[in-house]
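A look at the structure
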Protein chains: 2
Amino acid sequence: MTVDRYPMWESLGIDLERNDEFLGMLGVVYPEVYLSQPNRPKGMAYFDGATFDIHGAPIQEMLDEKKKTDAQIVGTFCIYVPDEVILALGGIPVGLCGGSSYSFPDADKTLPRNICPLIRSYVGFKMGKLSPFFECCDFLVGETTCDAKKKTWEILDEVQPTYVMELPQRKGEIDRQLWRDEIVNFIKKTEDTSGKRLTVEALKEGIQRVNGKRKALKRLYETRKALPPPISGKDALLISQLAFYDQIDRFTEKVNAVCDELEARVKKGDGVIGKDAPRLFISGTPQVIPNWKVHHIVESSGGVVVGEETCTGIRYFNDLVDESPATLDGLIDALVDRYLSINCSCFTPNDMRIDQVIQWAKEYRADGVIYYVLQFCHAYNVEYVKMERALKEAGIPVLKIESDYGDEDTGQIKTRIEAFMEQISQ
Amino acid sequence: MTVDRYPMWESLGIDLERNDEFLGMLGVVYPEVYLSQPNRPKGMAYFDGATFDIHGAPIQEMLDEKKKTDAQIVGTFCIYVPDEVILALGGIPVGLCGGSSYSFPDADKTLPRNICPLIRSYVGFKMGKLSPFFECCDFLVGETTCDAKKKTWEILDEVQPTYVMELPQRKGEIDRQLWRDEIVNFIKKTEDTSGKRLTVEALKEGIQRVNGKRKALKRLYETRKALPPPISGKDALLISQLAFYDQIDRFTEKVNAVCDELEARVKKGDGVIGKDAPRLFISGTPQVIPNWKVHHIVESSGGVVVGEETCTGIRYFNDLVDESPATLDGLIDALVDRYLSINCSCFTPNDMRIDQVIQWAKEYRADGVIYYVLQFCHAYNVEYVKMERALKEAGIPVLKIESDYGDEDTGQIKTRIEAFMEQISQ
C-alpha cells in the first residue's frame, strides 16, 4: 500500500487494529486463491489492485466525491434497489453485503447465530466498526426480500439510518402498483436527503450509466460460453463482485477492456483450461467478496465455473432498463418493469427462474449445475425442490451445496464436487 | 373409541397403520400430560374427548356436513386467512398446521430438514397421507407470511390445490389496498368453488359466529388473569388449539360453559395452583396439538402458564370484526382492518407487538415471559432482539427458548426454565 489510509479510517471511526487483521487475512488468501492461477487475462491486474485496496481507494474516492459535489453515499444490500435513482440524484450507491466470517462474533453479540451468513457478516461489519463502506454511508436502504433481512433493518436502523423498500411477493397488477409506489417513495426520499430534484435528463443518464455497466458484464459473461473459456470462473466472479463497490464508469471501462482481451482469446481458441474440463454453472444465493469458496474448490479440482445465476452474477445484469421514455413517469415505469423482471426466490411462484437456469445452463454449455445455498436461506433452499426436478427432467445433472463462510466443510464439499465432476464427465 | 373410524379413514386414503401408530402415541402422551393434572375444570371433559378422537368425530362431522349441504372444506395454515368468508359461503374452515415430529420423515423426503418444524410437520402429514384433515379438504389456503411457507405452497399445490393469499409486509395505505384486493380475490375464489354468491346477511352471520368464538376465548383468557388462576396453562392452551379443528358453534358453547365454571372458581378464589407459583406468559410462535412441550415443562416444575401471545393464543382472538356495516363493501373493509390489526413478526416494523406483550404480561400478572421460537423461524427469532430489550426496560424478566418438536432438548429446557422460575420468584 503506497498511500497511508489510516487517517481516513480513523476519521471514519474504524477499528484500526481489527481492520488491519482483516486486510492482513485477505492479503494472505487472495494471492493463494487468485494470483496462482495460470494464464490470467492481463486486464485482471486492475481488479487485483481494486481487491487488495478494497478498504482504501474506493472509500477515498467516494469521500473526495462527497466533498467536491456533496454526493450522498447510499448503502444497499439487494439488486432490487434501483442504483439509477441514487446516481441520478448525484449520489453514489455502494453494496454492503458481507462475504466474510471475520465479523460473525460482532454480529453474534446482537443477532441469533442461526441466520444467513451474508446478513450475519454485514451486521458484524457494522456493529464492529470494521467496514469503511458502512461508515461513509449517509443512509442505508434495506428491503423486504427475506425474513431475516426484513427484521434486521429494524436493528440496523438504531445504529445507522436505514430506509426500507417493500418488495412485493408476487408479480400481479397490484404488486406492480405497490412496487411503483415504493420506487416513487424512494425517489422522494433520495430527493429529500440530497436536496436535489429528479429530472428526466438526470434519470436517463443514471439509467444509461447503469445499463452501460450491465452491458459490459453481459459481454464478459458472453465470452465464458466459449469452449474453452478464456477466463476462470474465479476471475469472472471477482469482476461481478467488484461491480458493487467500484466507481461505475471506470469499472465499465475496465470490464470492457478485459472483454476486448477475452474476445481476442476466444477467436484464437485460447482458454484458461483444457476443452475437456468439466464446466459448471452455479445457481442460487449471492457470493460476496471474499466468498470464493465454491469457485475455488471447483477450479482447484480440475473444473471450471462458466456462469452464475446469482445476485452477484447474471441476475444482476441480465435485464436492462428501457432508455427510450421521454417523461419521468415513463422512465419510472421502465425501472419498475426492469426490476420486477428479476427472478428471485422471494417471489411466489417463481417458475421463470427455473426456466432461465435451464436455458442458461445450456447456453453456457454447462456439464452440470451446482445449486448453491447460503445456510438458513429458506427461500432458495426450498425452491431447490422444484429446480432439482426441472433440471433432471432437462437432463442436466445438479448438485446442491449448502454452506456458510467457515472452512469446516471445505473438505467435504471438495469431495462431493470432485465426485460430481467425475460423474458428469463420464 | 366406540365408533369404527376405519372405513372413513380408508375412504380418505389414510395410511391406516401409521395413523394407528400416531394415535396410539397420542393416547399414551395425553393422559400423562393432561389427565394427571389436579383439580381440572369439569368442562375439560369435552375437550379431552375431542382430543382423544381428533382424527375421528371432527372428520366425520365435516364429511356429514359436506354430504348434507355440499359444504366445501377449506384447509388453512394462518390466522390471517379470514374464516368468516369460508363460513359465509357455506364452507368449513379447518386449521392444518402440524404440531408433531411424527411426520418429519415424510416431509424430509421432499423438503430440507432445516426449516420450521410446524411446516415440516404439516407437509409430512400431507405427504405421508397421515392426516384425515388434509384428505377431506377441497382446497388449501396458504399465505406469504414467511419464506419457508411461501415456497412450500408451490410444492403442496402439486399434491392438493393450494390457493395463496399475499399478505403485505407493512401496514401502509398501499398495503391495505393490496390486502383488500387479496380478500376480495379470496371471496371470488370461494364463491367460484362453492357455486354460491356472498350476501351481506351471510357475511354478517359468518362474522358474528367467528366473533362469538373469539369472545368466548377472550372470556376464557380473562379468567387466567386471576390469582390463583382457575385453569392450568396446558388446559387453556388445549382449548385454544382445538379452536382450529372443532365445529365452531359447539366449540363456542363449550368454551362458554367452561368459562361459567372458571368464573365461579375465581369468585371463590379456587385455583389450580398456589398463589405463590411463578406465573409465566408465553410470547412467540404458535403451539399446535400435540405441542405442549413448554407448558408441560413449566407446569411440572411448579409454575403456571397464564397466557400466550401466539397464533394459538391471544393473537388469534384479541381483535373482533366490526359487525355494524350494512353493505358488503363495508363488511369487507371491517375484515381488512381486523386482520391487519394482528401483529405478526412478518410485518416490519412491528413495534405494536412489543407494546402488546408488555401490556399483556402485566395484565396477566406474569412474573416473567418465556419467548418461544420454533427453530429456524427467522422473523420471531430476530424480533426477539428488540423484544428482549423492551421487556427488560419494562422490568419484566424474559427467557428465550428455541426448540423444535423433538425430545432431545427437554432436559436442558427444563433446567433453564427451573432456573428462570427460581430467579423470578426471589
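Residues numbered from 1 in each chain as written. Chains lettered and ligands numbered in written order. Predicted model: local features only at pLDDT ≥ 70, side-chain atom pairs only at ≥ 80, totals over all residues. Heavy atoms only, no water.

**Some words on the relation of the copies chain B and chain A**
Overlaying chain B with chain A gives an RMSD of 0.0 Å, the required rotation being 180 degrees about an axis along which the chain moves by 0.0 Å. As the rotation angle and translation indicate, the two copies are arranged about a two-fold axis. Relative to the rotation axis, the closest C-alpha in chain B is found at D147 of chain B, a distance of 3.2 Å. Taken as a fraction of all interface residues of chain B, those also at the interface in chain A reach 100%, which identifies the copy contact as same-surface. (Least-squares fit on C-alpha atoms with pLDDT ≥ 70 in both. Contact = heavy atoms within 4.5 Å.)

**Notes on the pairing of strand β2 (residues 92–95) of chain B**
Residues and elements named next belong to chain B. Residues of β2 alternate between two faces, with I92 and V94 on one and P93 and G95 on the opposite face, all of them buried. Here four bridges tie strand β1 (residues 73–76) to β2, and the two strands are oriented parallel to one another. Bridging across to β2, G75 finds its partner in V94. (Buried < 20%, exposed > 50% of the residue type's maximum accessible area, 1.4 Å probe, protein only. Helix = DSSP H or I, 4+ residues; strand = E, 2+ residues; numbered from the N terminus. Pairing = 2+ DSSP bridges.)

**Quick word on the environment of F281 of chain A**
Residues and elements named next belong to chain A. Here F281 shows up in strand β5 (residues 279–284). Distance from F281 to Y364, taken between C-alpha atoms, is 7.5 Å for residues 83 residues apart in sequence. In this view, F281 contacts G307, E308, E309, I314, V357, W360, A361, Y364, A366, G368, V369 and I370; residues no more than four positions away in its chain are not counted.

**Thoughts on the pairing of strand β4 (residues 162–165) of chain B**
As a general feature of sheets, a regular strand has side chains that alternate between the two faces. The alternating pattern of β4 of chain B places T162 and V164 of chain B on one face and Y163 and M165 of chain B on the opposite face, and all of these are buried. The parallel pair strand β3 (residues 139–143) of chain B and β4 of chain B, bridged by helix α9 (residues 147–156) of chain B, forms a crossover whose chirality is right-handed. (Right-handed = clockwise from strand over helix to strand, strands pointing away.)

**Focus: the environment of A334 of chain B**
Residue and element names in this part refer to chain B. Relative to the assigned elements, A334 resides in helix α16 (residues 328–340). In sequence terms A334 and D48 are 286 residues apart; their C-alpha atoms lie 35 Å from each other. Beyond its immediate sequence surroundings of up to four residues, A334 is in contact with V321, D322 and P325.

**Quick look at the pattern of salt bridges**
Per the stated rule, a full pass over the model turns up 78 salt bridges over all chains. The closest approach of N and O atoms between E182 of chain B and R170 of chain A, which form a salt bridge, is 2.7 Å. A residue pair is termed interchain when its members come from two chains, as with E182 of chain B in helix α10 (residues 173–194) and R170 of chain A in the loop between β4 (162–165) and α10 (173–194). (Salt bridge = Lys/Arg side-chain N within 4 Å of Asp/Glu carboxyl O.)

**Considering the confidence of the model for chain A**
Note: predicted coordinates in regions of low pLDDT should not be interpreted at a detailed level. Counting all residues, the mean pLDDT for chain A is 97, and 100% of those residues have values of 70 or more. Predicted complex metrics record ipTM = 0.97 and pTM = 0.97. (pLDDT = per-residue confidence, 0-100.)

**Some points on the side chain of T145 of chain A**
With respect to the secondary-structure elements, T145 of chain A resides in the loop between β3 (139–143) and α9 (147–156). For T145 of chain A, a relative accessible area of 9% puts it in the buried group. A polar contact of 2.4 Å, which involves the side chain of T145 of chain A, links it to the side chain of E143 of chain A. If we skip the residues at most four places from it in the chain, T145 of chain A touches C78, Y80, L167 and C346 of chain A together with D147 of chain B. (Polar contact = N/O pair within 3.5 Å; in protein donor to acceptor, adjacent residues only side chain to side chain.)

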